[in-house]
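A closer look at the structure
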Amino acid sequence: MITQIPLTGIGSPSLDPAMSQFHTPAPLAQKIAQWAGVTRGMTVLDPCAGAGALAKPCVALGAVVTCMEIDPRWIAVLKDDVALHGAGVMHGDFLSTDP
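A brief structural summary.

Calculation rules
Residues numbered from 1 in each chain as written. Predicted model: local features only at pLDDT ≥ 70, side-chain atom pairs only at ≥ 80, totals over all residues. Heavy atoms only, no water. Pairing = 2+ DSSP bridges. Helix = DSSP H or I, 4+ residues; strand = E, 2+ residues; numbered from the N terminus. Axes fitted to C-alpha atoms, helices over the stretch in contact; angles between N-to-C directions. Core = buried A, V, L, I, M, F, W, Y, C linked by side-chain atoms within 4.5 Å. Buried < 20%, exposed > 50% of the residue type's maximum accessible area, 1.4 Å probe, protein only. Contact = heavy atoms within 4.5 Å.

If you trace the three strands from one edge of the open sheet to the other, you get 1-2-3, paired in parallel fashion. Only two strands of the sheet have a single neighbouring strand rather than two, namely strand 1 (43-46) and strand 3 (88-91). Between one strand axis and the next, the sheet turns by 15° as a mean value, whatever way the strands run. Pairing between strand 2 (residues 64-69) and strand 3: four bridges, direction parallel. Looking at strand 3, one finds that glutamate 69 is bridged to histidine 91.

Structure follows, in structure tokens:
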């Protein structure tokens, strides 16, 4: 069973069930970054960034991170998040994007 984790913070968009949106809890995101072996200077793509939960620990580890998000409501959230400072943010559908 997947439990939706509500975002805290002013101005965060609501989740859109039609887009199968859910948020990864921060402790799990940190574990995923560790399991993936993310290190300083590594290039990391978060293809469905949402609020950037998976991207944040990668940025903290010194990776070069690009966040891609299909839902335009989350783009401003990603760009304004201090924890993602230096990360690239792109609006679009990862599955329809040419490499």
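Right, picking up where we left off after that structure.
Another point: the environment of leucine 84. Its place among the elements puts leucine 84 in the loop between helix 3 (75-80) and strand 3. Put simply, leucine 84 and alanine 55 are 29 residues apart on the chain and 7.3 Å apart in space, counted from C-alpha to C-alpha.

Moving on, we get to the nonpolar core. Cys58, Val65, Cys67 and Leu84 are the most contacted members of the largest nonpolar core, which totals 15 residues. Elements that contribute at least two residues to this core include exactly helix 2 (55-60), strand 2 and helix 3. With three residues, helix 2 is the largest single contributor of residues to this core. Among residues more than four places away in sequence, those in contact with valine 65 are Val44, Ala55, Cys58, Val59, Ala87 and Gly88.

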